[in-house]
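Architecture and fold: a report
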Amino acid sequence: MLEKINGFIWGNGMIFLLLAVGVIYTLKLNFIQFKTIPYIIKNLNDKKLRISQTKTICMSLGAAMGTGNIVGVASALSIGGAGAVFWMWISAFLGMAVVYAENTLSALFSDRDIKGPMAYLKKGLGSSRLANIFAFCCLMASFGMGGMAQTNSMSESIRKCVDIAPILIAVVLFTAIYTVIRGGAGRIENTAQILLPIATLLFSVICIIAIIKSERTIADVFSEIIHDAFGINQTLGGISGYGVSRAVSAGIRRGVFSNEAGLGSSPILHSASQNYASAELQGVSAMFEVFIDTFICCTLTALTILCSSSDGSISTALLSVTGYWTNTVIAALMTVFAFCTVIGWYYCGETAFTHLFGKNQKKIFSLVFAVSASFGAVISTEKVWLLSDIFNGAMAFPNLVGVILLINKVSGIKHISSANK
């Protein structure tokens, strides 16, 4: 039943909708994706802005850069082949325009009582029903994709290194998660700002060394990605079409799972920023996060696997660099990425929860969330990932309705250095 529901939600309709909205906003905003890096560089000289915005970016990136950057990419390659990477790039490029629109709308309509997609669905569209539907889906996604899916992968990695009972891992995770999330957005931001850059840098360096040491060249791998993306090497039309279809589906689904563009989680996380009044700044920062998440981290993972792995696993790919310590290194990285995702998604879940049930119940939610997330360490992997995919897609539908219908409210970057003014 779960597989059927997942297949329906993530069918051709969802893929077409995500791509179509991305194309529409890319054209409307005059290929705003290419203005991201110049905008960020221009605003680096503002120290206060740089420090405060870095915290928000780390918190938002932490929520996005979970196990999807490692497990999700490996899964996409196993399902859709090397061609899935190309469609992951397409998903991210178009998603950058969508995530800019999401954050711009959120900054325009959010206030202290209502934030993110709930704000622009209720106040912009005038639809409390759509806002409530999104909030419910977001709440469920925070338990699934943001919580249990992450701790499940984390637990599996740890148990490859240490013979430890899953229940003990769950207890430790509960303590760590609850300690951080009880401190609110400030503590979540500070934790992500410490952990995420270190783990990302370490993972990137290991991947680059593995790629350099590989017998395959980058040129060969990129050629394989492009050929597989369009089925160029496959001679039979039926096989080619089926292969391309799987590559497109796997690439876009795992791309969205990783960078979360179009889901509506990014504007919720950016609502914690001290500079939230600047819609333009939050939009560009969110695009920068998608760029880092998919074009850098996910691409490094994919290239490392395609260059260095004989069985399609990241552990085999890193073996030439980390040797005996491979499982330990992967477990450590997975733990940091997953933990940052969990605490970041707590903020999304809390925002959705308070929208539905009021702010007086926040303490109850933090306890329930910590218990639920830690429970992921002791349940089966397959069900966790299926549920995560289902609520991922379910969030996107009401959110994209708002993004499409409020298109006239979104404008591009007016001045490249406007955030300094």
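The present account deals with the structure reproduced in this document. (Residues numbered from 1 in each chain as written. Predicted model: local features only at pLDDT ≥ 70, side-chain atom pairs only at ≥ 80, totals over all residues. Heavy atoms only, no water.)

1. Description of the overall build of the protein chain
On a plain count of helices and strands, the protein chain comes out with 18 helices and zero strands. In the protein chain, buried positions account for 57% of the 421 residues. Roughly 17200 Å² of accessible area belongs to the protein chain as shown, and the carbon and sulfur atoms make up 65% of that amount. (Helix = DSSP H or I, 4+ residues; strand = E, 2+ residues; numbered from the N terminus. Buried < 20%, exposed > 50% of the residue type's maximum accessible area, 1.4 Å probe, protein only. Areas by Shrake-Rupley, 256 points an atom, 1.4 Å probe, with all protein chains shown as cover.)

2. Examining unusual backbone geometry
One non-glycine residue, N30, adopts positive backbone phi at about 55 degrees. Along the chain, N30 turns up in the loop between α2 (12-28) and α3 (36-42). On the accessibility criterion, N30 (55% relative accessible area) is exposed. One non-glycine residue, F31, lies in the positive phi region at around 55 degrees.

3. Some remarks on the packing of aromatic side chains
Taken as a whole, this structure holds 15 aromatic pairs when the rule is applied. Among the aromatic residues, ring-to-ring pairing joins F143, Y346, F353, F357, F365 and F369 into one connected group. (Phe/Tyr/Trp six-rings, centres within 6.5 Å; stacked < 30°, edge-to-face > 60°.)

4. Quick look at the packing of helix α5 (residues 71-80) against helix α14 (residues 279-308)
Two elements in contact, α5 and α14, have axes whose closest approach is 9 Å; the angle formed by their N-to-C orientations is 50 degrees. Considering the angle they form, α5 stands oblique to α14. Relative to α14, the crossing made by α5 is right-handed. Mapping the contact onto sequence places V73, A74 and L77 in α5 and C298, T301, A302, I305 and L306 in α14. Residue composition of the contact of α5 with α14, by class: seven nonpolar, one polar and no charged. (Axes fitted to C-alpha atoms, helices over the stretch in contact; angles between N-to-C directions. Parallel < 35°, antiparallel > 145°, perpendicular 65-115°, else oblique. Left-handed = near helix turned anticlockwise from the far one by under 90°. Contact = heavy atoms within 4.5 Å. Nonpolar A, V, L, I, M, F, W, Y, C, P; charged D, E, K, R; others polar.)

5. Things to note about the side chain of D293
Here D293 shows up in helix α14. On the basis of relative accessible area, D293 is assigned to the buried category, the value being 1%.

6. Observations concerning the nonpolar core
Counting residues in hydrophobic clusters, the biggest one holds 118 residues, and the most contacted among them are Y25, Y100, C138, I177, I225, F369 and M395. In terms of residues, this core owes the most to one element, helix α16 (residues 326-357), which gives 16 residues. Other than its neighbours up to four places away in sequence, I177 contacts T151, F339, V342, F369, A370 and A373. (Core = buried A, V, L, I, M, F, W, Y, C linked by side-chain atoms within 4.5 Å.)

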